[in-house]
Amino acid sequence: MRHISSFLSLLFFAVVNSWAQTGVVEGRITDAKTNVTIPFANVVLQGTTIGATSDLEGNYRITGIRPDLYNVEASYIGYKGKVVFEVQVFNNKPAKADFVLEPDSKTLDVVEVRANPFERNEESPVSLRTIGVSEIERNPGGNRDISKALQSLPGVQSTVAFRNDIIIRGGSPNENRFYLDGIEVPNINHFATQGASGGPVGLINVNFIREVEFFSGAFPANRGNALSSVLNFKMKDPRTDRIGGNFTLGASDAGITIEGPIAPGHSFMFSYRRSYLQFLFKLIGLPFLPTYDDFQLKYRWKINDRNELTVVGLAAIDQFTLNLDDDLDVEQKRLVELLPVNSQWNYTIGVNWKNFRESGFSEIVASRNMLNNQAIKYLGNIEVPENLIIDYRSQEMENKLRAENNWRKNGWRINYGAGYEYARYTNSTFSRLTTPTGEVFDRDFDSAIELHKWAAFGQLSRTFVEGRLLLSVGARMDGNSYSELMARTYETFSPRFSASYALSDRFSINVNVGRYAQLPPYTVMGFRNNVGTLVNRDNGVRYIMSNHAVAGVEYVAPTALKISVEGFFKAWENYPFLVREGVSLANLGADFGVVGNDEVISDNKGRAYGVEFLAQQKLWKGFYGILAYTFVRSEFQDAQGSFVPSSWDAQHLISLTGGKKFKRNWEVGLRWRFNGGTPYTPADVQTSALIPVWMVNRSALPDYTKLNQARLTPAHFLDLRVDKKFFFKKWALNLYLDIQNVYNFKAAQPPYYVVDTDAQGSPIINTEDPASFQLREVENLTGTVIPSFGIVVEI
């Protein structure tokens, strides 16, 4: 008992001692145009009287702060004020909050400068949301996964399956683009669907992220090849005071992050994560057991005040084995028979050099990325040559170079530049397939294509009427060497125009119209028939085009509350349409595997329209929250050219996320999601039951003559997260409990079919059709309570 008493006394002393310590907030304040430091700027912690003034080098340092989350505000005469929200202060290391202030002629004679907590982007004053790292880390049900945190925003549709597909305003999951500090990253998920963007778990380590800019429309001209969204991940700068680190043990992986200085002006951040996702997948009844490793790197060289260089790296190794346990249920056995064994690896490495001058800055970005994807499947999982039905091996490689210039003078802002890319795609495919009429055939080809791509872009922005009216006009053109048709750069001319008018300091009206172009997936462009012909090039495949129109109103309250309403309309042209299956590629992509490795024609059209409502409360007196409602209709043409609901026509989407910070560093958050129910295509039971067809597919084929004529029932989920933080002199500890699907809602999925068997387990032949098996429909429900416990240690 004496030893226990001593231990409890020591623990109590440590906890009390942690409350007594004080933290530091420090950073640098610079001019957005020239990168020149700003001396004598005021920096304060909102809601307190604690603050500091920047020195001659633009640096500031606030000491004597109790560990907690703070909103840090910076202001200076002649500049727009700025707030960095939710800066986490520790005892063991300085919290960083750098400010890049925009010149503002309106404030030249103003004594007090008030910061707008929600900045307006000059090129994209509408359809732009920003989410901070604290919002990602504490997102209930998210397990520090960035893709899941995005599902709290308006226009973002989540699937009821265990995946991270990003579905925006009725568009397909393959219409999104991602940038890490200006370097394009093709994919941000493990076990990615080739030809799309989704997967079951996120790839980017949130420890590297400062904030995420999410564009659901009004894309800047320097961000191309996107139709539904662009995500800019702004990374933290590594520590420069000393070596430090972070250890995380979460629901699906364990990871370590190390950061610190290398030499004066040089600093780095590196992380490695290893999953134990196979245990979670086994818990929720998934039939395969995946493991993954990922690596992330940032190196920063601050050459001088005018030049800096950043290196960013991201890599992943993904592989899984099938769950062949004897106690699998009917659904698990069906999926084990259906799914191929898949392995992937991918990487991106890029360099970003910035040169600042009096009138702006230039940027040169060079990068390389590569994906290796393999899938193999044997009938009955018996690995003998005659049972082989899938052997797929593919690689995608891209080398990219982009140069752009940002010029500002007399209120004008100009961004212009050009890009070049060399790409190589290879594909070796053997697959046993069936036609809609029940014929079985083998597809066997090898393909390799090389592409030279080019792009040019420019955007001009300016404010008028004493800063109340903001206008921006831009354009972009893309082309490549795949075919004479795609080399016609003028056909991808993509103009865009934005306007924003502030009726008052808190109320504004915003509009945007634009046209955008995207290259079809490499799986489409590299497809060949069995004699080696590039079928889709001969079919005239071309860039997919989309026209957007968005209008909305926005109100910002003094308590850092933003309320906005936006209406949108989107129209697609030239979407690839799968000839064999009779369905638009726009309806696919939210499942594992490969999308687009088939013959297509580029004549499909689509449309989506809807309204979004957002109420977002930044941290204020311990409260924070987001209420998002989206009404969306999404339609694409079927084989007859009629518009029918697409696979993403959820109609009603609701997300309510909120939380409260309590004393002694406790925090509780909740998230409730509602999905109105998406359409699906009924099965062609008669064709699927044919013995040769079933032996190849092991599942029911969709009847695309009835495209999306059925609809799932609505689904809703509640997630809960509780955090407790401890701050010690040389380290910090965050313990959290995260519970997904608290009330155990069972969401409906499309029903599946199995072959009836007799007492000996042999398949039963249909007595009315001896050429067919006897199939049985099975209700398909998904969802279970998933509790998880996590530990984050800051050193």
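What counts, and at which threshold
- Residues numbered from 1 in each chain as written.
- Predicted model: local features only at pLDDT ≥ 70, side-chain atom pairs only at ≥ 80, totals over all residues.
- Heavy atoms only, no water.
- Helix = DSSP H or I, 4+ residues; strand = E, 2+ residues; numbered from the N terminus.
- Rg over C-alpha atoms; globule rule 2.2 N^0.38 Å.
- Buried < 20%, exposed > 50% of the residue type's maximum accessible area, 1.4 Å probe, protein only.
- Areas by Shrake-Rupley, 256 points an atom, 1.4 Å probe, with all protein chains shown as cover.
- Pairing = 2+ DSSP bridges.
- Axes fitted to C-alpha atoms, helices over the stretch in contact; angles between N-to-C directions.
- Contact = heavy atoms within 4.5 Å.
- Polar contact = N/O pair within 3.5 Å; in protein donor to acceptor, adjacent residues only side chain to side chain.
- Phe/Tyr/Trp six-rings, centres within 6.5 Å; stacked < 30°, edge-to-face > 60°.
- Lys NZ or Arg CZ within 6 Å of the ring centre and 35° of its normal.
- pLDDT = per-residue confidence, 0-100.

Peer 1: Quick question: what am I supposed to make of the overall build of the protein chain here?
Peer 2: Helix and strand counts for the protein chain come out as nine helices and 47 strands. Its C-alpha atoms give the protein chain a radius of gyration of 27 Å, within 12% of the compact-globule value 28 Å for 795 residues. With the C-alpha coordinates aligned to their principal axes, the bounding extent of the protein chain is approximately 85 × 80 × 45 Å. Across the 795 residues that make up the protein chain, the buried fraction comes to 58%. Accessible surface for the protein chain amounts to roughly 32,400 Å². Of this, 58% is attributable to carbon and sulfur atoms.

Peer 1: Is there a simple way to explain the pairing of strand 37 (residues 651-662) in this structure?
Peer 2: Across a regular strand the side chains alternate sides, sitting on one face of the sheet and then on the other. Pairing between strand 35 (residues 623-637) and strand 37: ten bridges, direction antiparallel. Residue pairing for strand 37: Phe623 is matched across the bridge by Lys660. Direction of pairing for strand 37 relative to strand 38 (residues 666-675): antiparallel, over a ladder of ten bridges. Along strand 38, the bridge assignment pairs Lys661 with Glu667. Two successive antiparallel strands, strand 37 and strand 38, enclose a turn made up of three residues, where Arg664 displays a positive phi of approximately 60°.

Peer 1: What should I look at first to understand the sheet that holds strand 3 (residues 51-53) in this one?
Peer 2: Sheets are built from strands that pair by backbone hydrogen bonding, the pairs being arranged parallel or antiparallel. Taken in spatial order, the four strands of this open sheet run 3-2-5-6, and their pairing is antiparallel. Whereas interior strands pair on both sides, the edge strands pair on one side only; in this sheet they are strand 3 and strand 6 (82-88). Neighbour to neighbour, the strand axes of the sheet diverge by 20° on average, direction disregarded. With four bridges joining them, strand 2 (residues 42-45) and strand 5 (residues 69-75) adopt antiparallel strand pairing. Residue pairing for strand 5: Asn42 is matched across the bridge by Ser75.

Peer 1: So what exactly am I meant to see when it comes to the environment of Arg61 here?
Peer 2: For Arg61, the position within the fold is in strand 4 (residues 59-65). Once the C-alpha coordinates of Arg61 and Asn410 are considered, the two residues, 349 residues apart in sequence, prove to be 33 Å apart. Contact partners of Arg61, with chain neighbours within four places excluded, come to Val24, Val25, Glu26 and Ala52. In terms of polar contacts, Arg61 uses its side chain to reach the side chain of Glu26, at 2.6 Å.

Peer 1: Looking at this structure, I do not really get the packing of aromatic side chains. What am I missing?
Peer 2: Summed over the entire model, instances satisfying the criterion amount to 17 aromatic pairs. For the pair Tyr425 and Tyr522, a centre-to-centre distance of 6.0 Å together with 20° between the ring planes defines the contact as stacked. Of this pair, Tyr425 sits in strand 26 (residues 412-434) while Tyr522 sits in helix 6 (residues 522-525), and the two are 97 residues apart along the sequence. For the pair Tyr425 and Tyr522, one class covers both residues: buried. With centroids separated by 6.4 Å and ring planes inclined at 10°, the aromatic side chains of Phe726 and Phe728 adopt a geometry described as stacked. Accessibility assignment for this pair places Phe726 and Phe728 in one class, buried. In this structure an aromatic cluster arises from ring pairing among Trp572, Tyr575 and Phe636. Lying across the ring of Phe726, Lys724 places its NZ or CZ 4.9 Å from the centre.

Peer 1: How should the confidence of the model for the protein chain be read in this particular structure?
Peer 2: Caution is warranted with low-pLDDT regions, since their predicted coordinates should not be read in detail. Across the protein chain, the average pLDDT comes to 90, with 94% of residues at 70 or higher. Per-residue pLDDT stays below 50 along residues 1-20; that stretch engages in nine contacts with residues further than four places along the chain or on separate chains. Long-range and interchain partners of residues 107-113, a stretch whose pLDDT sits below 50, account for 15 contacts in this model, where long-range means more than four residues apart.

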